[in-house]
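# Structural features, examined
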Amino acid sequence: MDFLSIFLKDFVAQLQSPTLAFLIGGMIIAALGSELVIPESICTIIVFMLLTKIGLTGGIAIRNSNLTQMVLPMIFAIMVGIIVVFIARYTLAKLPKVKVVDAIATGGLFGAVSGSTMAAGLTVLEEQKIPYEAWAGALYPFMDIPALVTAIVVANIYLNKKKRKEAAYSTEQTVAAGDYPDQKDYPSSRQEYLSEQKEKGDGDNRVKIWPIIKESLQGSALSAMLLGLALGLFTRPESVYKSFYDPAFRGLLSILMLVMGIEAWSRIGELRKVAQWYVVYSVVAPFVHGLIAFGLGMIAHQVAGFSMGGVVILAVIASSSSDISGPPTLRAGIPSANPSAYIGASTAVGTPVAIGICIPFFIGLAQAITQQAGK
Amino acid sequence: MDFLSIFLKDFVAQLQSPTLAFLIGGMIIAALGSELVIPESICTIIVFMLLTKIGLTGGIAIRNSNLTQMVLPMIFAIMVGIIVVFIARYTLAKLPKVKVVDAIATGGLFGAVSGSTMAAGLTVLEEQKIPYEAWAGALYPFMDIPALVTAIVVANIYLNKKKRKEAAYSTEQTVAAGDYPDQKDYPSSRQEYLSEQKEKGDGDNRVKIWPIIKESLQGSALSAMLLGLALGLFTRPESVYKSFYDPAFRGLLSILMLVMGIEAWSRIGELRKVAQWYVVYSVVAPFVHGLIAFGLGMIAHQVAGFSMGGVVILAVIASSSSDISGPPTLRAGIPSANPSAYIGASTAVGTPVAIGICIPFFIGLAQAITQQAGK
Amino acid sequence: MDFLSIFLKDFVAQLQSPTLAFLIGGMIIAALGSELVIPESICTIIVFMLLTKIGLTGGIAIRNSNLTQMVLPMIFAIMVGIIVVFIARYTLAKLPKVKVVDAIATGGLFGAVSGSTMAAGLTVLEEQKIPYEAWAGALYPFMDIPALVTAIVVANIYLNKKKRKEAAYSTEQTVAAGDYPDQKDYPSSRQEYLSEQKEKGDGDNRVKIWPIIKESLQGSALSAMLLGLALGLFTRPESVYKSFYDPAFRGLLSILMLVMGIEAWSRIGELRKVAQWYVVYSVVAPFVHGLIAFGLGMIAHQVAGFSMGGVVILAVIASSSSDISGPPTLRAGIPSANPSAYIGASTAVGTPVAIGICIPFFIGLAQAITQQAGK
């Protein structure tokens, strides 16, 4: 009962947060037939600024952190970010009628990190006087960015394979249906085309993945984010970050959330038959991701003396799902994914679960282990 | 002489305020043949942000105010906002050669509220140690938003009727001129069309107003403003309001005023034969509107114990005309209205009259009544 | 060795400053094949806001300064701004394979002023306790704006002449090649056209310059800047300047620098054969410009009692080259000029030379003269 009331309180607070409020506002005005339209060029620059800011934040955080100290937890953070996407790819995406790109995008959001969930976790740790490394909070970009990059790459690989299958299928159809026209150049050109198709089919799983990764990184979403990351790492953009990118972030995000709400409304019908799967996933995933991170954190605890407080932080950022960096990145990186699926799942269900239930759970787990070890 | 010098001082200060300075700047560079153009997509997003901010401001102000206490003054504020538009519709709009949409837009601006005029009124009240309710300042969105909504709806009703009349007229013309071609489908289709027209003509005054109101509310101007209002009322957008919408407001407004100045220049010729009417209206209207509000305020004073200071505030916000919320709303909501008419009238004449003459007048009136009652 | 190490330190700091970092970032992502594109409408509004801000800054600075006191140094500042462009026009532009518009744009940037170089100069003067007039810093818009205006006008005059020559050439070609067709209207129209051409050719140097100046001033770049200047001078835009144009400046500039980096990448090949000339110019020009300004400053020192500290400031702002006001102005005003030429030259070489070498040089020169005079 107490858990439920905490959950409900967090749920209502989430709905009133500007991020979700503008999303829901967009859905409502779309439902009421509003003619409000945000020009595409504005969406482009908003996405650019948001992603550059996300990259800058990560780059500056990494530059200011002591990498040698945090090498093992850092590697585990990257691993968790990537694993989370593949979990969604091979669980949520396999459920009946769930669209694969929607599931991958949802996995990306759950792999990405919520700054406010992490802040809540740090606050509770301090209240309970559990010590942790000062740099533990700087682990988040190492999970956040790999998760989003992985999601976009995995989605592009999937979409590419799908497209090829359809092309191959329609080619077979053509061959079967029409053996008549273009007979003159049939032997040479057609056979070439078919063999090329065959080759492509064979190479799908190994050979052709790198060009897709390259293409994903060259896409406007990831190149803005990686540009920000590089500028944050190698230059001194602090002045422009503090005066421009950082203060504008939440405001621009609110406009983009409105746009995504309007877009989501037209696609919310797609969720009718699958909403239950997203709810199940959003309740279970924070625990699963948190436990994986907790386990990896325990290895770092044993091997490299990573504090138990740090282990909790790693688990909390793994169980959190991004309401900030994720939506703009995924909208630009996987435009065909349905925002009402991935944002609805992560922000409306996943975040309250992470804050209200996972944080106390992992702190309790850490305390139990410490006491056990102390005996 | 003293009144005139106060008026002139306020007039010059108004001309130097960023709002009017950018408007005049736009007119001057347009007159000098500048090629400066602000892209349409930028105007769209600026209008969206301004209107969302106006809505948010109103919504947050209403949420933070004690509605039960202020119910009667609030209803009167809404009434004044609506009445002011209809006064313009049936006085200014009827004057020779004054365009009806320009007059309605001007009425909307005079119904809307100027925050700086209200602030000037509050300052004078405090200087004179006249007590007023702390929530009296929160009355302004109840006058501001209804006035702008009413103006847009009334303008759309007028434009709709006008369009129908023209369509009906051209139909009659067609019927009179050509009874020749299309004879085959004449009996059925043409008659249907005519009877439909007739029906429309009959229903003009009652039946068809609701669809127009609905359409006005669905238009991009009012849906952005009402979205902001709803978000301000029902969610917690304070963080994004304070970090983004509020600080960007005056800057974005300056760009829009420049655009409106450029647009106004090409239409300033329209005002040559009617400018005197706008000047007369702008001098008289603040008194008329203020007196109506003062009268209604006195009723609230008698019935519900509304303070005399509060009555003055109600009168001052009624006599003020918006230089902030009005222009962007009306540009988006009544695009055919001439901005050089409505902004020129309200900002250049109406505001100095309201600040320099109406504020001392209504304070004097309140003091005279109080002393009369005290005897 | 000490000079070189100071130079290199400044050089690396320049590369890490947000301005140059985003420029280089844009070049790198363009080189890596990124699909990132900033919409043209966004570039337009960014340029508008940057130029309006530059104008406003200048206008407010001029309004707040005591013009009667500073009249002679002010005239000299304007003269230096104009002379610098003509120096580039008749030295750099004449070097083999250097494009004339690129050279004029570079001259404009070296004539314009760097706020940070000036600030560095003021700091050193204060450290050395050399007194200077409080208004000396307000001299910079008098050099900055004339330099940029002159560069745009001179570039437009050059491009116009070039176009006419090409037109005249192709006309001659036509006359020589085809004396056949259109024989009927040949005597009248063709001769008229030719004589018109001839007249134009004769009038090139005097008669037709004013229309080009007028056109340059009406272009979107200069009309935005001059609008800002006029608003800063004659109105009170401080509130909107402080809340909007000033804080947004560096952020918007970073986006524009990114765009210019992407654009520059595709044109960097043009520089292969001329890069050495730009390096030579960028090393020599700060000294030449500074010495001219120092000489004129000495006249003001003798005639009007301008302080030696003020003379140093005039020399320092002359030797500085703009990394802030210049790039957006020139991109909009001389779109055909190659940004990798003018920004590369000024920011990467000119600014470190000005800060690291010219400031100590001119301070030393002033001290030597003072001591000489004191004997």
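Below is a short write-up of the structure. (Residues numbered from 1 in each chain as written. Chains lettered and ligands numbered in written order. Predicted model: local features only at pLDDT ≥ 70, side-chain atom pairs only at ≥ 80, totals over all residues. Heavy atoms only, no water.)

The interface is formed by 23 residues belonging to chain C together with 25 residues belonging to chain B. When chain C packs against chain B, the two sides together hide about 1,900 Å² of surface, and 72% of this comes from carbon and sulfur. Here chain C is connected to chain B by zero salt bridges. The set of elements that each furnish at least two residues to the side of chain C that touches chain B consists of α3 (40–63), α10 (220–234) and α11 (238–267) of chain C. Per-element accounting of the side of chain C that touches chain B gives the leading share, seven residues, to α3 of chain C. For the side of chain C that touches chain B, the per-class residue count stands at twelve nonpolar, ten polar and one charged. (Contact = heavy atoms within 4.5 Å. Buried area = accessible area lost by both parts, 1.4 Å probe. Salt bridge = Lys/Arg side-chain N within 4 Å of Asp/Glu carboxyl O. Helix = DSSP H or I, 4+ residues; strand = E, 2+ residues; numbered from the N terminus. Nonpolar A, V, L, I, M, F, W, Y, C, P; charged D, E, K, R; others polar.)

Next up on the list: the packing of helix α11 (residues 238–265) of chain A against helix α11 (residues 238–265) of chain B. Between α11 of chain A and α11 of chain B, whose axes approach to 8 Å, the crossing angle comes to 100°. Of the possible angle classes, the one that applies to α11 of chain A and α11 of chain B is roughly perpendicular. Every residue of α11 of chain B that contacts α11 of chain A at P247, A248, R250, G251, L252, S254 and I255 of chain A is listed here: V240, S243, F244 and Y245 of chain B. Of the residues contributing to the contact of α11 of chain A with α11 of chain B, the split by class is seven nonpolar, three polar and one charged. (Axes fitted to C-alpha atoms, helices over the stretch in contact; angles between N-to-C directions. Parallel < 35°, antiparallel > 145°, perpendicular 65-115°, else oblique.)

With an RMSD of 0.1 Å, the operation that places chain C on chain B is a rotation of 120° combined with a shift of 0.1 Å along the axis. Expressed as an axis order, the relation between the two copies is that of a three-fold axis. A share of only 9% of interface residues in chain C that are also interface residues in chain B marks the association as one of differing surfaces. (Least-squares fit on C-alpha atoms with pLDDT ≥ 70 in both.)

Contact with chain B, which involves 23 residues of that partner, is made by 24 residues of chain A. Both sides of the chain B and chain A interface together cover about 1,900 Å² of buried area, and 71% of this is carbon and sulfur. Here chain B is connected to chain A by zero salt bridges. Secondary structure elements with two or more residues in the side of chain B that touches chain A: α3 (40–63), α10 (220–234) and α11 of chain B.

On to unusual backbone geometry, then. Even without being glycine, K97 of chain B reaches a positive phi, approximately 70°. Structurally, K97 of chain B can be placed in the loop between α4 (71–90) and α5 (100–111). Of the residues examined, K97 of chain B reaches a relative accessible area of 62% and is grouped as exposed. Backbone geometry at K129 of chain C places phi at a positive 55°, although glycine is not the residue there. Counting through the fold element by element, K129 of chain C comes out in the loop between α6 (115–127) and α7 (140–177). The exposure class assigned to K129 of chain C is exposed, which follows from its relative accessible area of 72%. (Buried < 20%, exposed > 50% of the residue type's maximum accessible area, 1.4 Å probe, protein only.)

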